[in-house]
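Chain by chain, the residues run as shown.
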Amino acid sequence: RGACVLLAVQHRAGPSVAVAHRPGAANAWSVVAADPARDLVFVPTGSPSPDYFGGERLGRNDYANSIVALRASTGRVVWHFQTVHHDLWDYDNASPPLLATVRGQPAVIQATKTGMMFVLNRETGAPIFAVEERPVPPSTVPGERAWPTQPFSSLPALSPHSWDGITTSAACRALVRGVRNEGIFTPPSLEGTLVVPSNVGGAHWGGLAFDPGRQIAVVPVNRLAAMVQLIPAEGANLDSLREQRSRIGFEDTRMRGTPYIMRRKILFVPPTDVCVPWTPGALVAIDLRNGTKAWETPLPPQLGGPIVTAGGLVFMAATMDSKFRAFDIETGRELWSVDLPGGGKATPMTFRGA
């Protein structure tokens, strides 16, 4: 990933504490979208760094986790909309933005790892479907100040935002025992935090597809949970931690410049137990005429995008079971599937033969 400077932000405590924090990141590593007629480029930005502890970057961290509209001819910022404030969950905007006409307005659509869809006016950044700032849980980690609210789209959630941790699997119960669990945007903690959705989505880098005639947006989502824990680095032996935890799939990473080691794990117990009580993936259709969920089709986890055709078909080949599928866009019914020699972790293409 390239690097860019995180712009100066003003902390909520008051106007006298505007401080420029420069830890880096908040770069764009997904695909940008261009509107040549309006001389606009739409940039989905990533998380500030380090991503699981924000004590070195206090504030909202403007321009990170955002859709940034730039004047294509000059590079000047026209507007920006932040989908996650002071990100502590690796909820970067991994999906490419999609340009469409929605409710008669030129729109840019952004699906996020939080399992939300934001539909904004392309020229102004104003939400076409309402967005509400809601209170979220505070951090209990020394040195951290989680942002007190987060933006919630009024459109239906694309994937679950909470899980009570109840499971029939003893191995899964052991992974979530004693962790902090207060729903989406519960900050990472010293005892461990249940993170729903996980850092691989909700929506992921496959992006979404849109049927302009039917005004239906189709989004592949993952519906996995994760556990994230911050471990004080002083006196800790990272090599020993990695050796102890590698047997059960934990990832331990020293977050440079912070007093913590980050430990995380997608809540999956091999060979087949994904811990959560619902299917680990789905294809979700949102009707943007009325802002309702049109349908939802369960799928395995996936990393890749769908396409739609004028004939009312949705094609997708990104699932972990290495299948290529076709769906009816009106109902979500699977019409056919074929086995691939490997996972099709890319967006399909259609064309008309001679």
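Values in this document were obtained by computation on a predicted structure and should not be read as measured data. (Residues numbered from 1 in each chain as written. Predicted model: local features only at pLDDT ≥ 70, side-chain atom pairs only at ≥ 80, totals over all residues. Heavy atoms only, no water.)

(A) Focus on the overall build of the protein chain. Scanning the protein chain from N- to C-terminus turns up 2 helices and 23 strands. For a compact globule of 354 residues, the expected C-alpha radius of gyration is about 20 Å, and the protein chain comes in at 20 Å, within 12% of that figure. Among the 354 residues that make up the protein chain, the fraction classed as buried is 56%. Long-range pairs, those at least 24 residues apart, make up 59% of the contacts in the protein chain with a sequence separation of at least 6. On the protein chain, roughly 15,100 Å² of surface is accessible, and the fraction owed to carbon and sulfur atoms is 54%. Separation of charge centres in the protein chain, based on 33 positive and 29 negative side chains, amounts to 1 Å. (Helix = DSSP H or I, 4+ residues; strand = E, 2+ residues; numbered from the N terminus. Rg over C-alpha atoms; globule rule 2.2 N^0.38 Å. Buried < 20%, exposed > 50% of the residue type's maximum accessible area, 1.4 Å probe, protein only. Contact = heavy atoms within 4.5 Å. Areas by Shrake-Rupley, 256 points an atom, 1.4 Å probe, with all protein chains shown as cover. Lys, Arg positive; Asp, Glu negative; His and termini not counted. Charge placed at Lys NZ, Arg CZ, Asp CG, Glu CD.)

(B) Representation of the environment of Lys-293. If you trace the backbone, Lys-293 turns up in strand S19 (residues 292–299). Here the alpha-carbon distance between Lys-293 and Pro-156, two residues 137 residues apart in the chain, equals 6.2 Å. A distance of 2.8 Å separates polar atoms of two side chains, one belonging to Lys-293 and the other to Glu-296. (Polar contact = N/O pair within 3.5 Å; in protein donor to acceptor, adjacent residues only side chain to side chain.)

(C) A look at the sheet that holds strand S15 (residues 226–232). Across the sheet, which stays open at both edges, the 4 strands sit in the order S12-S15-S17-S16 with antiparallel pairing between neighbours. Pairing within the sheet leaves two strands with one partner each, and these edge strands are strand S12 (193–195) and strand S16 (251–254). Within this sheet the neighbouring strands show an average axis-to-axis angle of 25°, counted without direction. As defined by bridge partners, S15 adjoins strand S17 (residues 260–266) across 7 bridges and the pair is classed as antiparallel. Within S17, the position partnered with Ile-231 by the bridge is Ile-261. (Pairing = 2+ DSSP bridges. Axes fitted to C-alpha atoms, helices over the stretch in contact; angles between N-to-C directions.)

(D) Seen up close, the state of the cysteines. In total, this model carries 1 disulfide according to the counting rule given. Disulfide pairing places Cys-172 opposite Cys-275 at an S-S distance of 2.0 Å. Judged by the sign of its S-S torsion, about -85°, the bond between Cys-172 and Cys-275 is left-handed. On the criterion of sequence distance, the pair formed by Cys-172 in helix H1 (residues 170–176) and Cys-275 in the loop between S17 and strand S18 (281–287) is long-range, its members being 103 residues apart. Cys-275 carries the same exposure label as Cys-172, and that label is buried. (Disulfide = S-S within 2.5 Å.)

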